[in-house]
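# Reading the structure
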Amino acid sequence: MHKHSVTEPMQEQIRNRMKGAIDFVIRPFPLRGSSAFTCLYLSSIVESALVDEFVVKPMLAAVPIEEEEEYDLDDLGWFHRHIPFVQNKEWTDADEGVRLLLEGQCLLIPTHVNHFLSFDVKRSDYRSITEPQSEATVRGPREGFVEDIGRNVALIRKRLKSEHLVFEQMTIGTKTQTKVYLTYLPDVAPTDVVEEFRRRLQAIQADSILESSYMEDWIQDKTFSPFPQLIGTERPDAVTGKLLDGQVALLTDGTPIALIGPVTFFQLFSSPEDYYQRPDIATLSRWLRMFAFMLSIFIPPLYIAVVTFHQELLPTSLLINLAAQREAVPFPAFLEAMIMMVTFEILREAGLRMPRIAGQSISIVGALVLGMTTVEAGLVSAAMVIVVSITAISNFVSPIYGFGIAQRVLQFVFMFLAGFMGLYGILCGTLFVLIHLVSLRSFGVKYMSPIAPLILSDFKDTILRVPRFWMNRKPQMFSKK
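Residues numbered from 1 in each chain as written. Predicted model: local features only at pLDDT ≥ 70, side-chain atom pairs only at ≥ 80, totals over all residues. Heavy atoms only, no water.

As a volume, the second largest pocket reaches approximately 1,100 Å³. Glu 103, Gly 104, Lys 122, Lys 179 and Asp 253 are, among the 33 residues lining the second largest pocket, the residues nearest its centre. (1 Å grid on protein atoms, 1.4 Å probe; cavity = no way out; pocket = protein on both sides within 12 Å on 5 of 7 lines; lining within 4 Å. Points joined across faces, edges and corners; volume = space filled by probe spheres on them.)

Sheet architecture is open: 5 strands sit in the order S6-S7-S9-S10-S8, paired in antiparallel fashion. Of all the strands in the sheet, just strand S6 (166-172) and strand S8 (231-233) have a single pairing partner and so form its edges. This sheet shows a mean twist of 25° between the axes of neighbouring strands, independent of strand direction. Taken together, the 3 bridges between strand S9 (residues 248-252) and strand S10 (residues 258-261) define a ladder with antiparallel strand orientation. Each bridged residue has a counterpart across the sheet, and for Leu 250 the counterpart in S10 is Leu 259. (Pairing = 2+ DSSP bridges. Helix = DSSP H or I, 4+ residues; strand = E, 2+ residues; numbered from the N terminus. Axes fitted to C-alpha atoms, helices over the stretch in contact; angles between N-to-C directions.)

A complete count under the given rule lists 17 salt bridges for this structure. Between Arg 99 and Glu 103 there is a salt bridge whose closest N-O contact spans 2.6 Å. Judged by relative accessible area, which is 25%, Arg 99 ranks as partly exposed. Relative accessible area serves as the criterion here: at 28%, Glu 103 is assigned to the partly exposed category. (Salt bridge = Lys/Arg side-chain N within 4 Å of Asp/Glu carboxyl O. Buried < 20%, exposed > 50% of the residue type's maximum accessible area, 1.4 Å probe, protein only.)

This part is about the side chain of Gln 407. Note on placement: Gln 407 falls in helix H14 (residues 401-439). Relative accessible area serves as the criterion here: at 2%, Gln 407 is assigned to the buried category. Among all residues touching Gln 407, those that are not within four sequence positions of it are Phe 293, Ser 296, Ile 297, Ser 394, Asn 395 and Ser 398. (Contact = heavy atoms within 4.5 Å.)

Attention now moves to the nonpolar core. Residues Ile 156, Phe 227, Val 239, Leu 251, Phe 265, Phe 403 and Tyr 447 are the most contacted members of the largest nonpolar core, which totals 61 residues. Among the elements of the structure, helix H5 (149-159), helix H8 (236-245), S9, S10, helix H9 (279-308), helix H11 (333-353), helix H13 (382-395) and H14 are those that each provide at least two residues to this core. Discounting residues that sit within four places of it in the chain, Tyr 447 has contacts with Phe 227, Pro 228, Gln 229, Val 263, Thr 264, Phe 265, Leu 268, Leu 437, Leu 440 and Arg 441. In this structure, Met 170, Phe 197, Ile 204 and Ile 219 belong to the second largest nonpolar core, which totals 20 residues. (Core = buried A, V, L, I, M, F, W, Y, C linked by side-chain atoms within 4.5 Å.)

With that settled, the discussion passes to H13. In this model, H13 (14 residues) spans 20 Å end to end at C-alpha, consistent with the 20 Å of a helix rising 1.5 Å per residue. All of the buried residues along H13 are Ala 383, Met 384, Val 385, Val 387, Val 388, Thr 391, Ala 392, Ser 394 and Asn 395. (Expected span 1.5 Å × (residues − 1).)

Looking at chain direction, S6 and strand S7 (residues 178-184) are connected through 7 bridges and run antiparallel. Bridge pairing in S7 places Gln 169 opposite Tyr 181. As consecutive antiparallel partners, S6 and S7 are separated by 5 residues, and within that stretch Gly 173 has a phi angle of approximately 105°, a positive value.

What follows is about a nonpolar patch on the surface. Residues Leu 352, Tyr 401, Ile 405, Val 409 and Val 413 make up a contiguous nonpolar surface patch of roughly 450 Å² in combined accessible area. With 4 residues, the top contributor of residues to the nonpolar patch is H14. Within the secondary structure layout, Tyr 401 lies in helix H14. The exposure class of Tyr 401 is exposed, given its relative accessible area of 53%. (Patch = residues over 30% accessible without salt bridge, like charges linked within 9 Å, V, L, I, M, F, W, Y side chains within 5 Å. Areas by Shrake-Rupley, 256 points an atom, 1.4 Å probe, with all protein chains shown as cover.)

The next thing to look at is the packing of H9 against H11. Contact geometry of H9 with H11 gives a least axis separation of 9 Å together with a crossing angle of 155°. Taken together, H9 and H11 sit at an angle that is classed as roughly antiparallel. When you trace H9 past H11, the crossing you get is right-handed. Within the contact between the two elements, H9 uses Ile 304, Val 307 and Thr 308 and H11 uses Ala 333, Phe 334 and Ala 337. (Parallel < 35°, antiparallel > 145°, perpendicular 65-115°, else oblique. Left-handed = near helix turned anticlockwise from the far one by under 90°.)

One can expect most non-glycine residues to show negative phi and most peptide bonds to be in trans. A cis geometry characterises the amide bond from Gly 261 onward to Pro 262, with omega recorded as -10°. As for its position among the elements, Pro 262 is in the loop between S10 and H9. Note the cis peptide between Ser 449 and Pro 450, where omega equals 5°. Counting through the fold element by element, Pro 450 comes out in the segment after strand S12 (445-446). If you check the backbone angles, Gln 177 has positive phi at about 50° while not being a glycine. With respect to the helices and strands, the residue Gln 177 is situated in the loop between S6 and S7. Here the phi dihedral of Phe 443 falls at roughly 55°; this positive angle occurs in a residue that is not glycine.

Laid out in structure tokens, this is it:
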């Protein structure tokens, strides 16, 4: 006498919830008599060949046709013994079954058992590991993250072979159910920073997390600050180095960008290549980036302020030369600068959005042609073209893409201040920016560390990059050791 089929309601529940999915596959396999099992999976995200090879064939081969006895498959251990999958789990909840299906797993439901098994057979034909496009280096590893979070974990494990490394899994997004890994070294990262990360991630209430930037809006300290409080990177070596310093990384499924925090202001001038170069060359590179940041922020507003309000600050010969250039220009210096800066931003966006083959030529040729024609037409002066060119080149020096965007925002703010109040406006804007930077925090870490507060030992790898044998302790602003 056979037992009542207690799993039928569960199977029907899963079927009803997935009835709108055209890729939902139901494969019943009757063995003999009432002994049977059913495979459920989504064909679009599952390797059907793996299901046949490692699930169906072993199950059918385990029950020889010649034998007349009826197999009792109530014992799930029978399935464990005959399916060559080491990562199999038993589940009893239909909601959990739907979640597993959407993650790319195959559900195996025996007829007479109120449990079911799940097997990971999701597709593996993802984008291959390539060099990061936005963080190219001359010397150093060429591997970059991909959209598969499992492969990203492997890239970090490859470099950081520590049994203490933690990948704490979370699922965020009520609709997308995005997998997120909170990654840190518990013996190095401060406990309060890790707890703050965990608390903010758990507080996210969103339908979808399609990219790591979706979480950035929720967990950063100040939403409307132009300065990035989390660093996005595609480089596994950069993430490994930050983890060893006591920082925390967030890996998100479906995107190659990992988020790193806490962040300080001087880290925005640091590049992964600094650690593959000689210390003196790396230090000089950081100083050049800081100088380029000052140029991109202050060159346009200083030109506007001096030409409009403070001509007495210029040497007489230079003043006469600028006056001769601007004699035919019908616009004031502020409006002239705004026209050129907005035009260049449009060219930059066009170069990014257009196909790669045409994008570079459009941006370069467009800038040259527009610059020459606007000067010849008398709409702008030649000096303004030089100012905009220096500013644009300085923007690209930043190793952090988000920081380059912040510089562009600050440029327009300082240009408005210089256009209405001259050098006094620039001074007021600078004081407000400094006050904002000093008051800003990233997950409890002060943004201007190690200058405010002063931590002399942390100067070894911020403004400077000293030889490695002098860096004999972790950064105090991040690490608890």
